[in-house]
Amino acid sequence: LFVFAGLAALAGCGNPGAGSKGNSGTLAFANRLRVPPLLEPAVAKDGTKRFSLTMQTGQAELLPGKPTTTWGFNGAYLGPTIRAIRGDRVAMRVRNQLGEPSTVHWHGMRLPAVMDGGPHQMIEPGGTWSPHWIIDQPAATSWYHPHPHGNTAKHVYRGLAGLFLVDDPAAAALGLPSTYGVDDVPLILQDKVLDKNGVLREDPKPTWGLMGDQILVNGVYDPFFEVTTTLVRLRILNGSNARMYNVEFADRRRFHVIGTDAGLLAAPVTVDRVQLSPGERLEVLVEFAPRDQVVLRSVAGDNGIDEGDYELLKFVAADQLKPGPSVPQRLAASPRIETPAGARERKFKLSGSDAINGREMDMTRIDEVVPAGASEIWQVQNPVYSHNFHIHEVAFRILDIDGKEPPAYLQGPKDTVFIPRKSTVRLAVQFGHHTDPKTPYMYHCHILRHEDEGMMGQFVIVEPGTEASVSRTLPSHH
Ligand code: C2O
Ligand code: CU
Ligand code: CU
(Lines give C-alpha, C1' and ligand atoms only; values in the text may rest on other atoms or scores of the structure.)
(Ligands and ions follow the chains in the order given, each with its own letter.)
Protein backbone atom coordinates (compact mmCIF):
# COMPACT_ATOMS: atom_id res chain seq x y z
CA LEU A 1 0.00 0.00 0.00
CA PHE A 2 1.37 3.39 -0.95
CA VAL A 3 1.37 5.55 2.15
CA PHE A 4 0.56 9.22 1.87
CA ALA A 5 1.55 10.27 5.38
CA GLY A 6 4.16 12.72 4.11
CA LEU A 7 1.58 14.42 1.92
CA ALA A 8 -1.04 14.98 4.56
CA ALA A 9 0.11 18.55 5.09
CA LEU A 10 -0.06 19.28 1.38
CA ALA A 11 -3.49 17.76 0.94
CA GLY A 12 -4.76 19.47 4.06
CA CYS A 13 -3.88 22.96 2.91
CA GLY A 14 -7.36 23.05 1.39
CA ASN A 15 -8.80 26.19 -0.12
CA PRO A 16 -6.08 28.41 -1.53
CA GLY A 17 -8.57 31.29 -1.40
CA ALA A 18 -10.82 32.52 -4.14
CA GLY A 19 -8.87 34.30 -6.82
CA SER A 20 -5.46 33.05 -5.76
CA LYS A 21 -5.56 30.60 -8.65
CA GLY A 22 -7.56 30.31 -11.79
CA ASN A 23 -8.22 32.36 -14.88
CA SER A 24 -10.88 34.82 -13.70
CA GLY A 25 -11.11 37.84 -15.92
CA THR A 26 -8.37 36.74 -18.28
CA LEU A 27 -10.32 35.01 -21.03
CA ALA A 28 -11.43 36.70 -24.24
CA PHE A 29 -14.04 34.07 -25.25
CA ALA A 30 -12.63 34.20 -28.74
CA ASN A 31 -13.29 30.67 -29.92
CA ARG A 32 -16.61 29.27 -31.03
CA LEU A 33 -17.66 26.26 -28.95
CA ARG A 34 -17.44 23.06 -30.95
CA VAL A 35 -20.14 20.49 -30.42
CA PRO A 36 -19.09 16.85 -30.89
CA PRO A 37 -20.77 15.52 -34.05
CA LEU A 38 -23.48 12.90 -33.77
CA LEU A 39 -22.24 9.50 -34.86
CA GLU A 40 -24.47 8.19 -37.63
CA PRO A 41 -25.15 4.49 -37.24
CA ALA A 42 -25.51 2.05 -40.12
CA VAL A 43 -28.88 0.40 -39.62
CA ALA A 44 -28.89 -3.36 -40.26
CA LYS A 45 -31.87 -5.28 -41.69
CA ASP A 46 -33.01 -6.34 -38.22
CA GLY A 47 -32.90 -2.70 -37.08
CA THR A 48 -29.62 -2.99 -35.17
CA LYS A 49 -27.81 0.34 -35.05
CA ARG A 50 -24.13 -0.24 -35.85
CA PHE A 51 -21.69 2.36 -34.58
CA SER A 52 -18.00 2.43 -35.46
CA LEU A 53 -15.37 3.98 -33.24
CA THR A 54 -11.63 4.09 -33.86
CA MET A 55 -9.23 5.01 -31.08
CA GLN A 56 -6.44 6.96 -32.71
CA THR A 57 -3.72 9.51 -32.19
CA GLY A 58 -3.73 12.91 -33.85
CA GLN A 59 -3.04 16.60 -33.66
CA ALA A 60 -5.65 18.90 -32.19
CA GLU A 61 -5.60 22.66 -31.96
CA LEU A 62 -6.36 22.96 -28.26
CA LEU A 63 -4.64 26.35 -28.00
CA PRO A 64 -5.16 28.58 -31.03
CA GLY A 65 -2.41 28.13 -33.59
CA LYS A 66 -0.60 25.43 -31.62
CA PRO A 67 -1.05 21.80 -32.57
CA THR A 68 -1.13 19.40 -29.62
CA THR A 69 -0.55 15.68 -29.93
CA THR A 70 -3.71 14.09 -28.58
CA TRP A 71 -5.83 10.97 -28.68
CA GLY A 72 -9.42 10.70 -29.81
CA PHE A 73 -12.18 8.56 -31.25
CA ASN A 74 -12.67 8.98 -35.03
CA GLY A 75 -10.65 12.16 -34.79
CA ALA A 76 -7.81 13.84 -32.94
CA TYR A 77 -9.56 14.74 -29.68
CA LEU A 78 -12.67 13.49 -27.82
CA GLY A 79 -15.20 11.39 -29.72
CA PRO A 80 -18.50 11.73 -31.55
CA THR A 81 -21.78 11.64 -29.62
CA ILE A 82 -23.58 8.32 -29.80
CA ARG A 83 -27.35 8.51 -29.55
CA ALA A 84 -29.85 5.65 -29.19
CA ILE A 85 -33.42 5.12 -28.09
CA ARG A 86 -34.60 2.81 -25.34
CA GLY A 87 -35.37 -0.52 -26.99
CA ASP A 88 -32.72 -0.13 -29.70
CA ARG A 89 -30.33 -2.93 -30.46
CA VAL A 90 -26.88 -1.40 -30.70
CA ALA A 91 -23.70 -2.98 -31.99
CA MET A 92 -20.35 -1.28 -31.59
CA ARG A 93 -17.22 -1.84 -33.59
CA VAL A 94 -14.30 -0.43 -31.65
CA ARG A 95 -10.89 -0.43 -33.31
CA ASN A 96 -7.72 0.29 -31.40
CA GLN A 97 -5.10 2.15 -33.40
CA LEU A 98 -3.27 3.60 -30.41
CA GLY A 99 -0.26 1.34 -30.39
CA GLU A 100 -1.03 0.14 -26.89
CA PRO A 101 -3.85 -1.87 -25.29
CA SER A 102 -6.95 -0.07 -24.09
CA THR A 103 -10.67 -0.61 -23.54
CA VAL A 104 -13.86 1.37 -24.05
CA HIS A 105 -16.25 1.47 -21.11
CA TRP A 106 -19.84 2.65 -21.55
CA HIS A 107 -20.17 4.68 -18.35
CA GLY A 108 -23.80 4.70 -17.26
CA MET A 109 -24.94 1.87 -19.51
CA ARG A 110 -26.86 -1.05 -18.08
CA LEU A 111 -25.59 -4.04 -19.98
CA PRO A 112 -24.03 -7.49 -19.65
CA ALA A 113 -20.60 -7.45 -17.97
CA VAL A 114 -18.78 -8.77 -21.06
CA MET A 115 -20.04 -5.74 -23.00
CA ASP A 116 -19.14 -3.22 -20.27
CA GLY A 117 -15.65 -2.38 -21.51
CA GLY A 118 -13.98 -2.50 -18.12
CA PRO A 119 -10.40 -3.68 -17.56
CA HIS A 120 -11.27 -7.28 -18.51
CA GLN A 121 -12.31 -6.38 -22.05
CA MET A 122 -8.93 -5.27 -23.36
CA ILE A 123 -8.50 -4.40 -27.03
CA GLU A 124 -4.99 -5.13 -28.22
CA PRO A 125 -3.21 -2.68 -30.55
CA GLY A 126 -4.60 -3.21 -34.03
CA GLY A 127 -7.49 -5.17 -32.58
CA THR A 128 -11.24 -4.76 -32.76
CA TRP A 129 -13.89 -5.29 -30.09
CA SER A 130 -17.55 -5.71 -31.02
CA PRO A 131 -19.95 -5.52 -28.08
CA HIS A 132 -23.70 -5.39 -28.64
CA TRP A 133 -26.71 -5.05 -26.39
CA ILE A 134 -30.28 -3.81 -26.16
CA ILE A 135 -30.69 -0.36 -24.66
CA ASP A 136 -33.01 -0.81 -21.70
CA GLN A 137 -32.83 2.18 -19.40
CA PRO A 138 -34.44 5.60 -19.08
CA ALA A 139 -33.31 8.65 -21.04
CA ALA A 140 -29.98 9.89 -19.72
CA THR A 141 -26.67 11.52 -20.56
CA SER A 142 -24.06 8.77 -20.40
CA TRP A 143 -20.54 8.70 -21.74
CA TYR A 144 -17.74 6.42 -22.87
CA HIS A 145 -14.02 6.34 -22.12
CA PRO A 146 -11.11 3.88 -21.81
CA HIS A 147 -10.70 1.75 -18.68
CA PRO A 148 -7.40 -0.19 -18.95
CA HIS A 149 -6.32 -0.88 -15.39
CA GLY A 150 -3.44 1.38 -14.40
CA ASN A 151 -3.66 3.51 -17.56
CA THR A 152 -7.13 5.02 -17.47
CA ALA A 153 -5.88 8.43 -16.31
CA LYS A 154 -3.44 8.77 -19.20
CA HIS A 155 -5.88 7.57 -21.86
CA VAL A 156 -8.71 9.86 -20.77
CA TYR A 157 -6.41 12.86 -20.23
CA ARG A 158 -5.03 12.57 -23.76
CA GLY A 159 -8.55 12.96 -25.07
CA LEU A 160 -10.41 9.67 -25.25
CA ALA A 161 -13.98 10.42 -24.13
CA GLY A 162 -17.37 10.90 -25.75
CA LEU A 163 -21.04 11.21 -24.92
CA PHE A 164 -23.66 8.48 -25.20
CA LEU A 165 -27.17 9.92 -25.07
CA VAL A 166 -30.12 7.67 -24.36
CA ASP A 167 -33.59 8.84 -25.40
CA ASP A 168 -36.92 7.34 -24.44
CA PRO A 169 -40.51 8.06 -25.51
CA ALA A 170 -41.59 9.27 -22.05
CA ALA A 171 -38.79 11.84 -21.94
CA ALA A 172 -39.39 12.84 -25.55
CA ALA A 173 -43.04 13.61 -24.71
CA LEU A 174 -41.93 16.30 -22.22
CA GLY A 175 -41.11 18.70 -25.04
CA LEU A 176 -37.72 19.65 -23.61
CA PRO A 177 -35.30 21.53 -25.87
CA SER A 178 -33.93 18.82 -28.11
CA THR A 179 -32.20 20.26 -31.16
CA TYR A 180 -28.71 18.92 -30.71
CA GLY A 181 -26.06 21.62 -30.75
CA VAL A 182 -28.66 24.41 -30.90
CA ASP A 183 -30.83 24.30 -27.79
CA ASP A 184 -29.64 20.90 -26.47
CA VAL A 185 -25.94 21.36 -25.96
CA PRO A 186 -23.35 19.08 -24.39
CA LEU A 187 -20.58 20.66 -22.32
CA ILE A 188 -17.65 18.35 -21.62
CA LEU A 189 -15.51 20.03 -18.95
CA GLN A 190 -11.83 19.08 -18.76
CA ASP A 191 -8.75 20.70 -17.32
CA LYS A 192 -5.32 20.49 -18.90
CA VAL A 193 -1.78 21.66 -18.51
CA LEU A 194 -0.58 22.86 -21.92
CA ASP A 195 2.83 24.44 -22.13
CA LYS A 196 3.55 27.47 -24.30
CA ASN A 197 4.22 25.23 -27.30
CA GLY A 198 0.88 23.51 -26.89
CA VAL A 199 2.38 20.31 -25.51
CA LEU A 200 0.06 18.45 -23.14
CA ARG A 201 1.93 18.05 -19.85
CA GLU A 202 1.37 14.92 -17.80
CA ASP A 203 3.03 15.74 -14.50
CA PRO A 204 0.79 14.45 -11.72
CA LYS A 205 0.09 16.55 -8.65
CA PRO A 206 0.50 14.94 -5.24
CA THR A 207 -2.62 13.06 -4.10
CA TRP A 208 -4.83 14.02 -7.05
CA GLY A 209 -2.85 13.25 -10.17
CA LEU A 210 -3.50 15.25 -13.33
CA MET A 211 -5.05 18.63 -12.59
CA GLY A 212 -4.68 21.57 -14.90
CA ASP A 213 -5.35 25.28 -15.02
CA GLN A 214 -6.56 25.53 -18.61
CA ILE A 215 -10.17 24.51 -18.89
CA LEU A 216 -11.42 23.07 -22.16
CA VAL A 217 -15.11 22.81 -23.01
CA ASN A 218 -15.69 20.20 -25.71
CA GLY A 219 -11.98 20.46 -26.41
CA VAL A 220 -12.11 24.23 -26.95
CA TYR A 221 -10.11 26.68 -24.85
CA ASP A 222 -11.59 30.13 -24.18
CA PRO A 223 -14.94 29.41 -25.87
CA PHE A 224 -18.21 31.21 -26.52
CA PHE A 225 -21.57 29.78 -27.48
CA GLU A 226 -24.15 31.67 -29.51
CA VAL A 227 -27.61 31.35 -27.98
CA THR A 228 -30.50 31.48 -30.47
CA THR A 229 -33.45 30.30 -28.33
CA THR A 230 -35.00 31.45 -25.06
CA LEU A 231 -34.49 28.11 -23.32
CA VAL A 232 -31.32 26.03 -23.59
CA ARG A 233 -30.71 22.56 -22.22
CA LEU A 234 -27.13 21.91 -21.19
CA ARG A 235 -25.83 18.39 -20.65
CA ILE A 236 -22.78 18.95 -18.49
CA LEU A 237 -20.19 16.19 -18.10
CA ASN A 238 -17.24 16.49 -15.78
CA GLY A 239 -14.75 14.63 -17.97
CA SER A 240 -11.73 15.69 -15.91
CA ASN A 241 -9.30 13.32 -14.25
CA ALA A 242 -9.60 14.85 -10.79
CA ARG A 243 -10.92 18.40 -10.88
CA MET A 244 -14.33 19.16 -9.39
CA TYR A 245 -16.38 22.09 -10.68
CA ASN A 246 -18.73 24.35 -8.70
CA VAL A 247 -20.67 25.70 -11.64
CA GLU A 248 -22.63 28.95 -11.67
CA PHE A 249 -23.37 31.91 -13.92
CA ALA A 250 -21.39 35.08 -13.28
CA ASP A 251 -24.65 37.08 -12.95
CA ARG A 252 -25.87 34.45 -10.46
CA ARG A 253 -28.97 33.75 -12.52
CA ARG A 254 -30.94 30.76 -11.40
CA PHE A 255 -31.34 27.70 -13.60
CA HIS A 256 -33.21 24.42 -13.46
CA VAL A 257 -31.64 21.01 -12.93
CA ILE A 258 -33.69 18.39 -14.78
CA GLY A 259 -31.46 15.33 -14.80
CA THR A 260 -28.70 13.55 -12.92
CA ASP A 261 -26.29 10.87 -14.19
CA ALA A 262 -28.78 8.09 -14.83
CA GLY A 263 -31.94 9.95 -15.78
CA LEU A 264 -34.40 12.73 -15.16
CA LEU A 265 -35.41 14.12 -11.79
CA ALA A 266 -39.05 13.81 -10.75
CA ALA A 267 -39.39 17.58 -11.21
CA PRO A 268 -37.03 20.44 -12.05
CA VAL A 269 -35.00 21.84 -9.15
CA THR A 270 -34.09 25.52 -9.33
CA VAL A 271 -30.58 26.35 -8.16
CA ASP A 272 -27.88 28.96 -8.60
CA ARG A 273 -24.89 26.61 -8.41
CA VAL A 274 -24.20 22.93 -8.94
CA GLN A 275 -21.25 20.72 -8.15
CA LEU A 276 -19.86 18.02 -10.42
CA SER A 277 -17.07 15.63 -9.45
CA PRO A 278 -15.28 13.59 -12.13
CA GLY A 279 -17.61 11.35 -14.12
CA GLU A 280 -20.82 13.05 -12.96
CA ARG A 281 -23.37 14.51 -15.39
CA LEU A 282 -26.17 17.02 -14.93
CA GLU A 283 -28.82 18.22 -17.34
CA VAL A 284 -29.99 21.78 -16.78
CA LEU A 285 -32.34 24.27 -18.42
CA VAL A 286 -31.27 27.90 -18.66
CA GLU A 287 -33.43 30.85 -19.70
CA PHE A 288 -31.93 33.58 -21.88
CA ALA A 289 -33.12 37.01 -22.96
CA PRO A 290 -32.13 38.65 -26.27
CA ARG A 291 -28.58 40.09 -26.19
CA ASP A 292 -27.71 38.40 -22.90
CA GLN A 293 -24.01 37.95 -22.39
CA VAL A 294 -23.14 35.80 -19.44
CA VAL A 295 -20.18 33.72 -18.38
CA LEU A 296 -20.47 30.23 -16.96
CA ARG A 297 -17.77 29.74 -14.34
CA SER A 298 -16.53 27.44 -11.63
CA VAL A 299 -15.83 28.91 -8.24
CA ALA A 300 -13.21 27.66 -5.81
CA GLY A 301 -14.22 25.31 -3.04
CA ASP A 302 -12.37 23.70 -0.17
CA ASN A 303 -12.40 20.09 -1.32
CA GLY A 304 -8.82 20.02 -2.59
CA ILE A 305 -9.98 19.09 -6.09
CA ASP A 306 -11.89 22.33 -6.71
CA GLU A 307 -9.21 24.92 -6.12
CA GLY A 308 -9.31 28.16 -8.10
CA ASP A 309 -11.89 30.30 -9.88
CA TYR A 310 -12.25 29.49 -13.55
CA GLU A 311 -14.27 30.97 -16.35
CA LEU A 312 -15.58 28.16 -18.52
CA LEU A 313 -17.64 29.56 -21.36
CA LYS A 314 -19.45 32.72 -22.41
CA PHE A 315 -23.03 32.59 -23.66
CA VAL A 316 -23.79 35.28 -26.21
CA ALA A 317 -27.49 35.62 -27.04
CA ALA A 318 -28.64 36.86 -30.43
CA ASP A 319 -30.70 40.06 -30.88
CA GLN A 320 -33.80 37.97 -31.40
CA LEU A 321 -34.38 34.58 -29.84
CA LYS A 322 -36.65 31.84 -31.05
CA PRO A 323 -39.20 31.16 -28.33
CA GLY A 324 -38.45 27.84 -26.65
CA PRO A 325 -40.75 25.66 -24.56
CA SER A 326 -41.42 26.58 -20.93
CA VAL A 327 -39.84 24.64 -18.09
CA PRO A 328 -42.06 21.62 -17.40
CA GLN A 329 -43.61 21.14 -13.96
CA ARG A 330 -42.98 17.40 -13.83
CA LEU A 331 -40.38 15.20 -15.49
CA ALA A 332 -39.53 11.53 -15.01
CA ALA A 333 -42.21 8.93 -15.02
CA SER A 334 -39.96 6.26 -13.49
CA PRO A 335 -40.39 5.64 -9.76
CA ARG A 336 -37.55 6.62 -7.49
CA ILE A 337 -35.14 3.94 -6.34
CA GLU A 338 -36.17 2.40 -3.02
CA THR A 339 -34.74 -0.41 -0.94
CA PRO A 340 -37.03 -2.95 0.75
CA ALA A 341 -37.08 -3.31 4.53
CA GLY A 342 -34.20 -5.57 5.51
CA ALA A 343 -32.24 -4.77 2.35
CA ARG A 344 -28.70 -6.06 2.36
CA GLU A 345 -26.22 -3.41 3.44
CA ARG A 346 -22.59 -3.47 2.33
CA LYS A 347 -19.88 -1.25 3.75
CA PHE A 348 -16.95 0.25 1.91
CA LYS A 349 -14.18 2.30 3.43
CA LEU A 350 -12.00 4.33 1.11
CA SER A 351 -8.44 3.80 2.28
CA GLY A 352 -5.86 6.55 1.64
CA SER A 353 -5.98 7.09 -2.09
CA ASP A 354 -5.41 3.63 -3.49
CA ALA A 355 -7.55 0.99 -1.80
CA ILE A 356 -11.05 0.09 -0.63
CA ASN A 357 -11.57 -1.74 2.66
CA GLY A 358 -7.78 -1.87 2.96
CA ARG A 359 -7.30 -3.78 -0.28
CA GLU A 360 -6.00 -2.62 -3.62
CA MET A 361 -7.78 -3.66 -6.79
CA ASP A 362 -6.93 -7.20 -7.85
CA MET A 363 -8.10 -8.28 -11.30
CA THR A 364 -8.33 -11.90 -10.09
CA ARG A 365 -10.41 -11.23 -6.97
CA ILE A 366 -14.20 -10.93 -6.84
CA ASP A 367 -14.94 -8.61 -3.95
CA GLU A 368 -18.74 -8.73 -3.91
CA VAL A 369 -21.39 -11.12 -5.21
CA VAL A 370 -24.79 -9.55 -5.84
CA PRO A 371 -28.03 -11.36 -6.73
CA ALA A 372 -29.66 -10.16 -9.97
CA GLY A 373 -32.28 -7.48 -9.55
CA ALA A 374 -31.31 -6.71 -5.95
CA SER A 375 -31.82 -3.36 -4.27
CA GLU A 376 -29.13 -2.87 -1.66
CA ILE A 377 -27.79 -0.17 0.59
CA TRP A 378 -24.14 0.62 -0.05
CA GLN A 379 -22.48 2.68 2.62
CA VAL A 380 -19.26 4.39 1.60
CA GLN A 381 -17.10 5.90 4.28
CA ASN A 382 -14.37 8.38 3.47
CA PRO A 383 -12.01 9.14 6.34
CA VAL A 384 -9.27 11.19 4.68
CA TYR A 385 -9.10 12.83 1.22
CA SER A 386 -11.97 13.86 -1.02
CA HIS A 387 -13.06 11.02 -3.28
CA ASN A 388 -16.01 10.00 -5.30
CA PHE A 389 -17.58 6.64 -5.98
CA HIS A 390 -18.88 5.18 -9.22
CA ILE A 391 -20.63 1.84 -9.65
CA HIS A 392 -20.87 0.21 -13.07
CA GLU A 393 -24.17 -1.18 -14.40
CA VAL A 394 -26.42 0.26 -11.68
CA ALA A 395 -28.52 3.27 -10.95
CA PHE A 396 -28.53 4.52 -7.38
CA ARG A 397 -30.11 7.21 -5.26
CA ILE A 398 -28.22 9.06 -2.55
CA LEU A 399 -30.03 8.29 0.70
CA ASP A 400 -27.94 10.53 2.90
CA ILE A 401 -24.59 12.25 3.29
CA ASP A 402 -23.47 12.11 6.94
CA GLY A 403 -27.07 11.34 7.89
CA LYS A 404 -28.45 14.39 6.06
CA GLU A 405 -30.61 14.42 2.96
CA PRO A 406 -28.64 15.35 -0.17
CA PRO A 407 -29.44 18.64 -1.94
CA ALA A 408 -32.65 18.32 -3.96
CA TYR A 409 -30.84 18.51 -7.30
CA LEU A 410 -28.86 15.38 -6.43
CA GLN A 411 -31.88 13.27 -5.56
CA GLY A 412 -32.30 11.85 -9.06
CA PRO A 413 -30.95 8.53 -10.37
CA LYS A 414 -27.15 8.48 -10.38
CA ASP A 415 -24.12 6.29 -10.93
CA THR A 416 -21.37 8.51 -9.47
CA VAL A 417 -21.37 10.43 -6.19
CA PHE A 418 -18.99 12.89 -4.57
CA ILE A 419 -17.90 11.93 -1.07
CA PRO A 420 -16.39 14.85 0.84
CA ARG A 421 -13.47 13.97 3.10
CA LYS A 422 -14.40 12.70 6.56
CA SER A 423 -17.94 11.85 5.52
CA THR A 424 -20.11 8.86 4.82
CA VAL A 425 -22.74 8.44 2.15
CA ARG A 426 -25.44 5.82 1.90
CA LEU A 427 -26.77 4.80 -1.49
CA ALA A 428 -29.90 2.86 -2.48
CA VAL A 429 -28.49 0.79 -5.35
CA GLN A 430 -30.64 -0.88 -7.99
CA PHE A 431 -28.81 -3.74 -9.74
CA GLY A 432 -29.71 -5.13 -13.13
CA HIS A 433 -30.57 -8.58 -14.39
CA HIS A 434 -27.61 -9.55 -16.58
CA THR A 435 -25.99 -12.43 -14.72
CA ASP A 436 -22.44 -13.64 -15.28
CA PRO A 437 -20.56 -15.18 -12.36
CA LYS A 438 -17.25 -15.04 -14.24
CA THR A 439 -17.15 -11.44 -15.48
CA PRO A 440 -17.05 -8.64 -12.95
CA TYR A 441 -18.26 -5.07 -13.03
CA MET A 442 -16.24 -2.37 -11.27
CA TYR A 443 -16.84 0.12 -8.50
CA HIS A 444 -14.23 2.76 -7.88
CA CYS A 445 -13.19 6.30 -7.15
CA HIS A 446 -13.49 8.27 -10.42
CA ILE A 447 -10.46 10.41 -9.58
CA LEU A 448 -8.56 8.50 -12.21
CA ARG A 449 -5.21 8.38 -10.44
CA HIS A 450 -6.90 6.77 -7.45
CA GLU A 451 -8.67 4.29 -9.68
CA ASP A 452 -5.40 3.43 -11.44
CA GLU A 453 -3.58 3.00 -8.13
CA GLY A 454 -6.12 0.50 -6.88
CA MET A 455 -9.10 2.30 -5.33
CA MET A 456 -11.36 -0.07 -7.22
CA GLY A 457 -13.19 -3.31 -6.54
CA GLN A 458 -15.06 -5.92 -8.55
CA PHE A 459 -18.55 -7.38 -8.22
CA VAL A 460 -20.46 -10.00 -10.14
CA ILE A 461 -24.21 -10.26 -10.62
CA VAL A 462 -25.49 -13.83 -10.29
CA GLU A 463 -28.73 -15.84 -10.26
CA PRO A 464 -30.35 -15.28 -6.86
CA GLY A 465 -29.62 -18.29 -4.64
CA THR A 466 -26.29 -19.13 -6.26
CA GLU A 467 -24.21 -16.53 -4.39
CA ALA A 468 -22.53 -19.01 -2.06
CA SER A 469 -21.30 -21.24 -4.87
CA VAL A 470 -19.70 -18.49 -6.93
CA SER A 471 -15.91 -18.63 -7.23
CA ARG A 472 -14.21 -15.61 -5.67
CA THR A 473 -11.16 -15.89 -7.85
CA LEU A 474 -10.73 -15.38 -11.56
CA PRO A 475 -7.95 -16.79 -13.72
CA SER A 476 -5.32 -14.20 -14.53
CA HIS A 477 -5.12 -13.48 -18.23
CA HIS A 478 -1.83 -11.62 -18.21
CU1 C2O B 1 -16.39 6.18 -15.95
CU2 C2O B 1 -15.41 2.63 -14.24
O3 C2O B 1 -15.82 4.43 -15.11
CU1 CU C 1 -18.75 3.19 -15.42
CU1 CU D 1 -10.32 9.07 -4.89
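Treat the numbers as computed from the prediction; the structure is a model and nothing was measured.

## Topic: the overall build of the protein
Counting its regular elements, the protein contains 4 helices and 33 strands. At 21 Å, the protein has a C-alpha radius of gyration in line with the 23 Å of a compact globule built from 478 residues. Expressed as lengths along the three principal axes of its C-alpha atoms, the size of the protein is roughly 65 × 55 × 50 Å. In the protein, which comprises 478 residues, the share counted as buried stands at 49%. The long-range share in the protein, meaning contacts at least 24 apart out of those at least 6 apart in sequence, stands at 79%.

## Brief notes about unusual backbone geometry
The backbone of Arg291 shows a phi angle near 65 degrees, a positive value even though the residue is not glycine. Inspection of the secondary structure puts Arg291 in the loop between strand 21 (281-287) and strand 22 (293-298). For Arg291, a count of 12 C-beta atoms within 10 Å corresponds to the exposed category. A positive phi is found at Glu393, a non-glycine position, where the angle reads about 75 degrees. Among the structural elements, Glu393 can be located in the loop between strand 28 (387-391) and strand 29 (395-401). A count of 25 C-beta atoms within 10 Å places Glu393 in the buried class.

## Some remarks on the UniProt feature "domain: Plastocyanin-like" (unreviewed entry) in the protein
The UniProt record marks residues 55-170, 206-289 and 350-462 with the feature "domain: Plastocyanin-like" (unreviewed entry), using the residue numbering of this structure. With 7% helix and 42% strand, residues 55-170 has its two end C-alpha atoms placed 34 Å apart. Taken end to end, residues 350-462 has its terminal C-alpha atoms 25 Å apart, with 5% of it in helix and 45% in strand.

## A word on the sheet that holds strand 23 (residues 310-322)
The strand order 1-15-23-22-17-20 describes an open sheet built from 6 strands, whose pairing is mixed. Sheet topology places strand 1 (31-32) and strand 20 (274-276) at the edges, where each strand pairs with a single neighbour. Bridging between strand 15 (residues 223-229) and strand 23 involves 5 bridges; their strand directions are parallel. Counted as the bridge partner of Thr229 is Lys322 from strand 23.

## Considering the sheet that holds strand 24 (residues 345-351)
Remark on secondary structure: sheet strands pair via backbone hydrogen bonds, oriented parallel or antiparallel. The strand order across the open sheet formed by 5 strands is 25-24-27-31-29, and the pairing between neighbours is mixed. Two strands in the sheet have a free side with no partner beyond their single neighbour: strand 25 (355-356) and strand 29. Bridge analysis of strand 27 (residues 375-382) against strand 31 (residues 423-430) gives 8 bridges, and the strand direction is antiparallel. Directly across from Glu376, in strand 31, lies its bridge partner Val429.

## Some thoughts on the pairing of strand 6 (residues 89-96)
The alternating pattern of strand 6 places Val90, Met92, Val94 and Asn96 on a buried face and Arg89, Ala91, Arg93 and Arg95 on a face that is not buried. Pairing geometry for strand 3 (residues 49-63) and strand 6, over 7 bridges, is parallel. Following the sheet pairing, Lys49 is matched in strand 6 by Val90. Bridging between strand 6 and strand 9 (residues 132-134) involves 3 bridges; their strand directions are antiparallel. Looking at the pairing, Val90 lines up with Trp133 of strand 9.

## Things to note about the domain arrangement of the protein
Entries for the protein in the domain assignment read domain 1 (31-172), domain 2 (175-322) and domain 3 (345-469). For domain 1 and domain 2, the distance between their C-alpha centroids amounts to 21 Å. On the side of domain 2, 37 residues touch domain 1, which itself brings 33 residues to the contact. Elements with a minimum of two residues in the side of domain 1 that touches domain 2: strand 1, strand 3, strand 4 (66-73), strand 10 (140-145) and helix 2 (152-157). Per-element tally for the side of domain 1 that touches domain 2: the top contributor is strand 4, with 5 residues.

## Notes on the environment of Pro112
Among the secondary structure elements, Pro112 is positioned in the loop between strand 7 (105-107) and strand 8 (128-129). Of the residues examined, Pro112 has 19 C-beta atoms within 10 Å and is grouped as partly exposed. Those residues in contact with Pro112, other than ones at most four positions away along the chain, are Trp133, His434 and Asp436.

Calculation notes
- Residues numbered from 1 in each chain as written.
- Chains lettered and ligands numbered in written order.
- Predicted model: local features only at pLDDT ≥ 70, side-chain atom pairs only at ≥ 80, totals over all residues.
- Helix = DSSP H or I, 4+ residues; strand = E, 2+ residues; numbered from the N terminus.
- Rg over C-alpha atoms; globule rule 2.2 N^0.38 Å.
- Buried ≥ 20, exposed ≤ 12 C-beta atoms within 10 Å, placed from the backbone.
- Contact = placed C-beta atoms within 7 Å.
- UniProt positions renumbered as here; feature names shortened; annotations may be inferred.
- Pairing = 2+ DSSP bridges.
- Domains from an automatic or database assignment.

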